[in-house]
Amino acid sequence: GLRYAILISHFLFLGYYLSLLFIYQSPLLIPLAMILCALGMSLFWPAFHIDFIRFSEKGYHGQQVGKMNIALSIPAIISPIIGGAILGATGYSVLFIVVLGVLLLSSFPLFLSKESHLIYSDSFQKAWWRMFRRENRKTSLAMAADGIEGMIVYYFWPLFMFALAINYTTMGGIATFSLFAATLFTLYMGRISDKIINRVEFLNIGSFLTSIVWIIKYFVATSLDAFLAHTLYRICRTSASIPFQTFVYNKAYSKEKEADEFIIYREIVLNFSRFVFFLILAGVFVLFPQVNLAFIMAAVISLGFMLMGIPPKLKLQ
């Protein structure tokens, strides 16, 4: 069942944060933390997306995606600045203890929700082969672009700010205010996404603007630069992500009873592409140890979002 899959993932995340909390005591806690996090994500995200598809209303996916993003953004708005303040004042130990408390509290609403059971029918071979099938190529590349770009903003952007000697409190403030601006923008984007005639153009514009902002981020040198660039990024990324997510959920919804197979296929593409990309990036960093080189890659990869719709055709005349 979806509810218990999410509940079990919470306990795995609990073990992940406990491993990070005591990581100074043994290097063996590093691979343990990685394994627990991977298992937790493998249970949580498929169940989360399948649950959304099963209880969403056909024809209003864009609006519902917008509402979902707002629901996710509200705690995300306040948490970076609170986390930054805790880090700056007390350090990582207190921060992890607070996270553990929040994680435990988040498990209780699951017991009040309705359980939904499903039957997953794909074999391992069939599930992996979906990624390489010719008819899925465009969708697979678009999902890979989404997964890789997301990892760059989650991992390399904070590392870059840390390299610029931006303190934790300021980093938290940058994340908070950029998310706040994006949330205000999201209030309108979801509704527009359902009403707009050509959602493909909507996606293409957002993808192009996101690519431009990544190039701008490459030249960030101060805290003010980081704040302005990341706020602009969040707004442009929202312009791409809402139509992108709407296309994904529409595709899954159209599969009806095989919606869960589609979501698992999506998770395989996301994680396999990230695995390959990080291997390539590790080789690049050996030769050119410069974190913001990943931003140039993100600028190119962001254009791949367009493949989820219909890629624009080159006009020679």
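This is a predicted model, so every value here is computed, not measured.

Asks: Just checking my understanding: could you explain the overall build of the protein chain for this structure?
Replies: Looking only at helices and strands, the protein chain has eleven helices and zero strands in total. Written out in order from the N terminus, the α and β elements of the protein chain read α-α-α-α-α-α-α-α-α-α-α. Across the 317 residues of the protein chain, 47% fall into the buried class. Accessible surface, the protein chain: about 17500 Å² in total, of which carbon and sulfur atoms supply 71%.

Asks: Quick question: what am I supposed to make of the packing of aromatic side chains here?
Replies: One pair of aromatic rings is described through two measures. These are the centre distance and the angle between the planes. Tallied over the entire structure, the rule returns 23 aromatic pairs. Seen from their ring centres, Phe13 and Phe44 are 6.4 Å apart, and the 65 degrees between their planes marks the pair as edge-to-face. You can see Phe13 sitting in helix α1 (residues 2–21) and its partner Phe44 sitting in helix α2 (residues 29–55), a full 31 residues away along the chain. In terms of burial, Phe13 and Phe44 fall into one category: buried. Judged by centre distance (6.5 Å) and plane angle (45 degrees), the ring pair of Trp129 and Phe132 falls under tilted. Overall, Trp129 belongs to the exposed group, its relative accessible area being 55%.

Procedures and definitions
Residues take numbers from 1 onward in each chain, read along the sequence in its written order. A pLDDT threshold of at least 70 governs which residues receive local features in this predicted model, and a stricter bar of 80 or more applies before side-chain atom pairs are shown or counted, although totals over entire chains, interfaces and linings include all residues. Only hydrogens and water are removed before side-chain values are computed, so all heavy atoms of the structure are retained for them. By the criteria applied, helices consist of DSSP H or I runs no shorter than four residues and strands consist of E runs no shorter than two, each listed in order from the N terminus. For each residue, the accessible area found with a 1.4 Å probe, counting protein chains only, is set against the maximum for its type, and the residue is called buried under 20%, exposed over 50%, and partly exposed in between. Only the protein chains shown count as cover for residues, and all accessible areas are computed by the Shrake-Rupley method using a 1.4 Å probe. Two aromatic rings from Phe, Tyr or Trp, using only the six-membered ring of Trp, form a pair when their centres are within 6.5 Å; if the ring planes differ by under 30 degrees the pair is stacked, by over 60 it is edge-to-face, and anything between is tilted.

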